[in-house]
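Structural description and commentary
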Amino acid sequence: MINLNIEKTFGFISKEKVSAYEAEVKAAQEMLEKGTGKGNDFLGWLHLPSSITKEHLADLNATAKVLRDNCEVVIVAGIGGSYLGARAVIEALSNSFTWLQNKKTDPIMIYAGHNISEDYLYELTEYLKDKKFGVINISKSGTTTETALAFRLLKKQCEDQRGKETAKKVIVAVTDAKKGAARVTADKEGYKTFIIPDNVGGRFSVLTPVGLLPIAVAGFDIEKLVAGAADMEKACGSDVAFAKNPAAIYAATRNELYRNGKKIEILVNFCPKLHYVSEWWKQLYGESEGKDNKGIFPASVDFSTDLHSMGQWIQEGERSIFETVISVEKVNHKLEVPSDEANLDGLNFLAGKRVDEVNKMAELGTQLAHVDGGVPNMRIVLPELTEYNIGGLLYFFEKACGISGYLLGVNPFNQPGVEAYKKNMFALLNKPGYEEESKAIQARL
Ligand SMILES: O=P(O)(O)OC[C@H]1O[C@](O)(CO)[C@@H](O)[C@@H]1O
């Protein structure tokens, strides 16, 4: 279970002011529970962990086994909420060099459909030429251009390389129950499909088959992931006292910081495996809160790597930021710094110490320096990188996001702003149905 510490924000905001959010948070929790707030048709994530059945998990695991048994490589085609959660969990739990290992026990997981780079897609299709590969096509709307385009290429290549019958077995669709081109294609081709519930938005969908299927294919225990999320659902429940409820405290603290001019939240890790947890978190908070000309800007850094690039800005740039650090208490492996007789590098003061001890001192030193430099700091401690703890972390952020969005006064469950670029792109590409927009945009060029 995670532990949230907000002590190091108190030089900037007061404990009393954070505590004073209790009533506001209670009202926000009630809006979520009773479905009386904005976006109330998208609350399917709220009690999702506790409602996932053993049968559903067994179905996911059985499909994962088909892909694992028949594929050396599995492509997860999706964008935004349709790939970030899966990638976050898989990368947090995987060996950092899994791609380079000769003896592979799990399929290599590759992501596509999240960009429109010709080079990326060309190089991917080249790489796949001699591979037994499968595809999980994930799109709630079933019409997202980036994903649909990648899937068109991958479907054709899979059928050409492996034959229509095998392709049917190793292509799985995760999409809407009825609507969208991904659903039409899956039904016509006879793919195995999983449904994304109507009332779960993309960025809240990691605990639906959107995240669970790829995570199971990669070889991780989705029962434990869901168990961690379900325990966190209880720990962040509306019946849990404000002071003991981590989602309530996190939501209140970040809103109080925001109201005091801290407009940017930087999610920090000291473990590169967590890079995609930050990417997932950025979509969750960015799409949920960035609207009506409001919202904390969610940014992220990987330390100590980025201390050598962004560290200067964080230490001495404009004082409009705060940090939320995800700290992993216990690492998976043991590696000591060796002693060296010549000590040419001058590192013998570290000899015999665990590398993690050095990292932890970098973390502590950074926290003290940044707080001294005017950056409020919150800390989320994860005991270990396990399925259970990651499941808890994901749900914690989701619940806090729902509360936080209501504290901010926005609808945390829509994303109208994402349509603007799509409309222009379709107009520029002369998509049927966009004739008027095409004329208008051409006149601007
Ligand atoms: O699953 P879909 O419908 O392809 O959408 C993918 C992503 O695109 C968005 O709709 C807009 O960026 C996200 O909210 C969503 O996660």
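Residues numbered from 1 in each chain as written. Predicted model: local features only at pLDDT ≥ 70, side-chain atom pairs only at ≥ 80, totals over all residues. Heavy atoms only, no water.

Named according to an unreviewed UniProt entry, the chain is Glucose-6-phosphate isomerase originating from Bacteroides difficilis. Entered under Sequence similarities (unreviewed entry) in the UniProt record, the comment concerning the chain runs "Belongs to the GPI family." What UniProt states about the chain under its Function (unreviewed entry) heading is, verbatim, "Catalyzes the reversible isomerization of glucose-6-phosphate to fructose-6-phosphate." (UniProt positions renumbered as here; feature names shortened; annotations may be inferred.)

Attention now moves to the UniProt feature "active site" (unreviewed entry) in the chain. The UniProt feature table records "active site" (unreviewed entry) at E287 and K422. Along the chain, E287 turns up in helix α12 (residues 275-289). Look past the residues within four positions of E287 in its chain and what remains in contact with it is R203, K282, N414, Q415 and V418. Here R203 takes part through its side chain, which lies 2.9 Å from a polar atom of the side chain of E287. (Helix = DSSP H or I, 4+ residues; strand = E, 2+ residues; numbered from the N terminus. Contact = heavy atoms within 4.5 Å. Polar contact = N/O pair within 3.5 Å; in protein donor to acceptor, adjacent residues only side chain to side chain.)

Looking now at the environment of L347. Mapping L347 onto the fold places it in the loop between β9 (321-330) and α14 (355-372). The exposure class of L347 is partly exposed, given its relative accessible area of 36%. Sequence-wise, L347 and V337 are ten residues apart; in three dimensions their C-alpha atoms are separated by 8.7 Å. (Buried < 20%, exposed > 50% of the residue type's maximum accessible area, 1.4 Å probe, protein only.)

Together, F97, W99 and L100 make up an exposed nonpolar region whose accessible area comes to about 410 Å². Mapped onto the secondary structure, L100 falls in the loop between α5 (84-93) and β3 (108-112). Residue class for L100 comes out exposed when judged on its relative accessible area of 67%. (Patch = residues over 30% accessible without salt bridge, like charges linked within 9 Å, V, L, I, M, F, W, Y side chains within 5 Å. Areas by Shrake-Rupley, 256 points an atom, 1.4 Å probe, with all protein chains shown as cover. Salt bridge = Lys/Arg side-chain N within 4 Å of Asp/Glu carboxyl O.)

As a structural note, the neighbourhood of the ligand is formed by 13 residues, with S82, S139, K140, S141 and T144 the closest of them. One of the side-chain nitrogen or oxygen atoms of S82 is found 2.6 Å away from an oxygen atom of the ligand. A distance of 3.1 Å is found between an oxygen atom of the ligand and a side-chain nitrogen or oxygen belonging to Q283. Here the ligand, which alone exposes 390 Å², has 87% of that area covered by the protein. Across the shell around the ligand, the residue classes break down as two nonpolar, nine polar and two charged. (Near = heavy atom within 4 Å. Nonpolar A, V, L, I, M, F, W, Y, C, P; charged D, E, K, R; others polar.)

The full count for this structure, using the stated rule, is 17 aromatic pairs. Arranged with centres 6.4 Å apart and planes meeting at 90°, the rings of F151 and Y191 form a pair that is edge-to-face. Within this pair, whereas F151 is found in helix α7 (residues 145-170), its partner Y191 is found in the loop between α8 (181-189) and β6 (192-195), the two being separated by 40 residues in sequence. Of the residues examined, F151 reaches a relative accessible area of 7% and is grouped as buried. Residue class for Y191 comes out buried when judged on its relative accessible area of 9%. Aromatic side chains Y250 and Y285 sit 6.2 Å apart centroid to centroid with 80° between the ring planes, which places their arrangement in the edge-to-face category. (Phe/Tyr/Trp six-rings, centres within 6.5 Å; stacked < 30°, edge-to-face > 60°.)

At the junction of F303 and S304, the peptide bond is cis and its omega measures out at 5° in the coordinates. Considering the arrangement of structural elements, one finds S304 in the loop between β8 (297-302) and α13 (311-316). The backbone phi angle of N293 is positive, close to 60°, even though this residue is not glycine. Note on placement: N293 falls in the loop between α12 and β8. In the Ramachandran plot, N343 falls in the positive-phi region, its phi being about 50° despite a non-glycine side chain. By secondary structure assignment, the location of N343 is in the loop between β9 and α14.

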